[in-house]
Amino acid sequence: MSISGRSPGLSEQPSGRAAVVCGLGGWVPQRVVTNEELSQRFDVTDEWITTRTGIRARRAVDPGQATSDLAVEAGRRALRSAGGEAPDTVIVATATPDRPCPGTAPLVASRLGLQEAAAFDVAAVCSGVVYGLAVASGMIAAGVSRRVLLIGADVYSTVVDQSDRTNAIILGDGAGALVLRAGDPEELGAVGHFDLGSDGTGEELIIIAAGGSRQRASDRPPTRAEQHFAMQGKEVFRHAATRMANSSRAALSAAGWKPDDVDHLVPHQANLRILRAVADDLGIDPDRCAQNLVEVGNTGSATIPLALNAAAASGELRPGHRVLLTAFGGGLTWGSCVLRWPDIDPPLAATVRSEP
């Protein structure tokens, strides 16, 4: 089932309030895992990895670092970018929470000095930030929130079996964040025209089987494989390319845009072949497709805000540009939305070490 059309913040709410992007930030760990390092571990070549994924390096947390640590740093940068009043809501999209219970967002909010803010996690895997944008837009449109900090953060190095070549060469760690404020639907930065969907019959295509009530209720200890991230690559490729392209078309249609109107396609950074397949299906020139996975890999929920951060920091993304966001993740879940890029100060590159 898919939900498509204008977001409540753009057309259905009598208040006429929209969620407007006003801040952006990103952060990746300092430790770089190169293709050369992985080629020695798996007895493959740098060219073999690059040809299949488009990735040359990815980042990994140091021992003791968790999702909340990256989320806090990305959130701090986004808040600095936005300025103004403190958010009253914090949303963390992640598939690798610090703990199964409680959620990671309340801890992140507290560490950012936002102890009184509403805070909760969104669990839509790599679609989490698009789902989070829809939730934030609805809360702002309804008057529940005035200002929302939305963070996508994942540390896949903690859940990937490092002897699993298929997933170890693709996945990396990182966090990206957006600040949204209440504003006018016609403003630059107003987010809307969402398309969201899911298909639970494909839950086993992207999965960590152990740790939840299903495995615990089986009354048997989990296997090693069940404790780690697993993905059926060929099926995921087929679903991801098709679902993101179809969802993108639905969002574009609702917005009254054509593919030629899109200045920047910002897809979930799964791997280069999927990005190219989506762009080709939509008829969008690959030069208009944001790509930052070459240096950071697939960072899960963080990929879209990190790609936006890289494009904005480089000057490639400028005020008024028409942007299409689209994502696909475990669940299965997918989603797309559009916005015109706001006039905000360029953020720091996510790879730059922050001030003490």
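What you see is a predicted model; the values in this text were computed from it and never measured.

So, how was this worked out
- Residues numbered from 1 in each chain as written.
- Predicted model: local features only at pLDDT ≥ 70, side-chain atom pairs only at ≥ 80, totals over all residues.
- Heavy atoms only, no water.
- Helix = DSSP H or I, 4+ residues; strand = E, 2+ residues; numbered from the N terminus.
- Expected span 1.5 Å × (residues − 1).
- Buried < 20%, exposed > 50% of the residue type's maximum accessible area, 1.4 Å probe, protein only.
- 1 Å grid on protein atoms, 1.4 Å probe; cavity = no way out; pocket = protein on both sides within 12 Å on 5 of 7 lines; lining within 4 Å.
- Points joined across faces, edges and corners; volume = space filled by probe spheres on them.
- Nonpolar A, V, L, I, M, F, W, Y, C, P; charged D, E, K, R; others polar.
- Pairing = 2+ DSSP bridges.
- Axes fitted to C-alpha atoms, helices over the stretch in contact; angles between N-to-C directions.
- Salt bridge = Lys/Arg side-chain N within 4 Å of Asp/Glu carboxyl O.

*Asks:* Residues and numbers for helix α6 (residues 128-141), please.
*Replies:* Under the 1.5 Å per step criterion, the end-to-end length of α6 is 20 Å for 14 residues, consistent within 8% with the ideal 20 Å. Of all the 14 residues making up α6, 12 are buried; the element is thus mostly covered by neighbouring parts of the structure. For α6, every residue scored as buried is listed here: G128, V129, V130, Y131, G132, L133, A134, A136, S137, M139, I140 and A141. Immediately beyond the C-terminal end of α6, within one or two residues, lies G143, with a positive phi of roughly 85 degrees.

*Asks:* Could you give an account of the layout of surface pockets, with specific residues and numbers?
*Replies:* Of the volumes computed, that of the largest pocket is approximately 1200 Å³. In this structure, the largest pocket is lined by 41 residues; those nearest its centre are A95, P97, I208, A210 and G212. Elements supplying a minimum of two residues to the lining of the largest pocket: β6 (118-122), β10 (206-207) and α8 (213-216). For the lining of the largest pocket, the per-class residue count stands at 19 nonpolar, 14 polar and eight charged. As for the second largest pocket, its lining consists of 27 residues, of which T166, I170, M231, G233 and N271 are closest to the centre. Broken down by element, the residue count for the lining of the second largest pocket peaks at five residues, all from helix α9 (residues 233-255). Taken together, the residues of the lining of the second largest pocket sort by class into 16 nonpolar, seven polar and four charged.

*Asks:* Quick rundown of the pairing of strand β13 (residues 322-329)? Include the residues and the values.
*Replies:* Of all eight residues in β13, seven are buried; the element is thus mostly enclosed. Bridge analysis of strand β12 (residues 264-267) against β13 gives four bridges, and the strand direction is parallel. Across the sheet, residue V266 finds its bridge partner in β13, namely L325. Between β13 and the antiparallel strand that follows it, strand β14 (residues 333-340), lie three residues; G331 among them carries a positive phi value of about 140 degrees.

*Asks:* So what's going on with empty space enclosed by the protein? Residues and values would help.
*Replies:* The final tally for this structure, using the stated rule, is one cavity of 30 Å³ or more. A volume near 40 Å³ is recorded for the largest cavity. Lining the largest cavity we find V21, L133, L178, V191, L308, L325, L339 and W341. Split into classes, the residues belonging to the lining of the largest cavity amount to eight nonpolar, no polar and no charged.

*Asks:* I'd like a rundown of the sheet that holds strand β8 (residues 173-183), residues and numbers included.
*Replies:* Strand order across the open sheet formed by five strands is β2-β8-β7-β5-β6, with mixed pairing between neighbours. Two strands in the sheet have a free side with no partner beyond their single neighbour: β2 (18-27) and β6. Adjacent strand axes in the sheet meet at a mean angle of 20 degrees when their direction is disregarded. As judged from the nine bridges shared by strand β7 (residues 147-155) and β8, these two strands associate in the antiparallel manner. Bridging across to β8, L149 finds its partner in V179.

*Asks:* If you had to explain the pattern of salt bridges to someone new, which residues and values would you point to?
*Replies:* Evaluated as defined, the whole model comprises 13 salt bridges. The salt bridge partner of R76 is E73, with a shortest N-O separation of 3.3 Å. Of this pair, R76 and E73 are both found in helix α4 (residues 67-82), three residues apart, which corresponds to roughly one turn of the helix. The class of R76 is partly exposed, set by a relative accessible area of 35%. Judged by relative accessible area, E73 falls into the buried class, the value being 10%. The partner of R220 in a salt bridge is E226, with the nearest N and O atoms 2.7 Å apart. Three or more residues joined by partner-sharing salt bridges are found here, namely E73, R76 and R77.

*Asks:* Lay out unusual backbone geometry with the relevant residues and their values.
*Replies:* The peptide bond linking C101 to P102 adopts the cis configuration, its omega dihedral lying at 5 degrees. Take P102: it is sitting in the loop between β5 (89-93) and α5 (105-111). Here the amide bond leading from G331 into L332 is cis, since omega sits at -10 degrees, within 30 degrees of zero. Relative to the assigned elements, L332 resides in the loop between β13 and β14. Its identity is not glycine, yet D43 carries a phi of approximately 60 degrees, on the positive side. For D43, the position within the fold is in the loop between α2 (35-42) and α3 (46-53). Relative accessible area serves as the criterion here: at 71%, D43 is assigned to the exposed category. A positive phi angle, near 55 degrees, is found at V125, a position not held by glycine.

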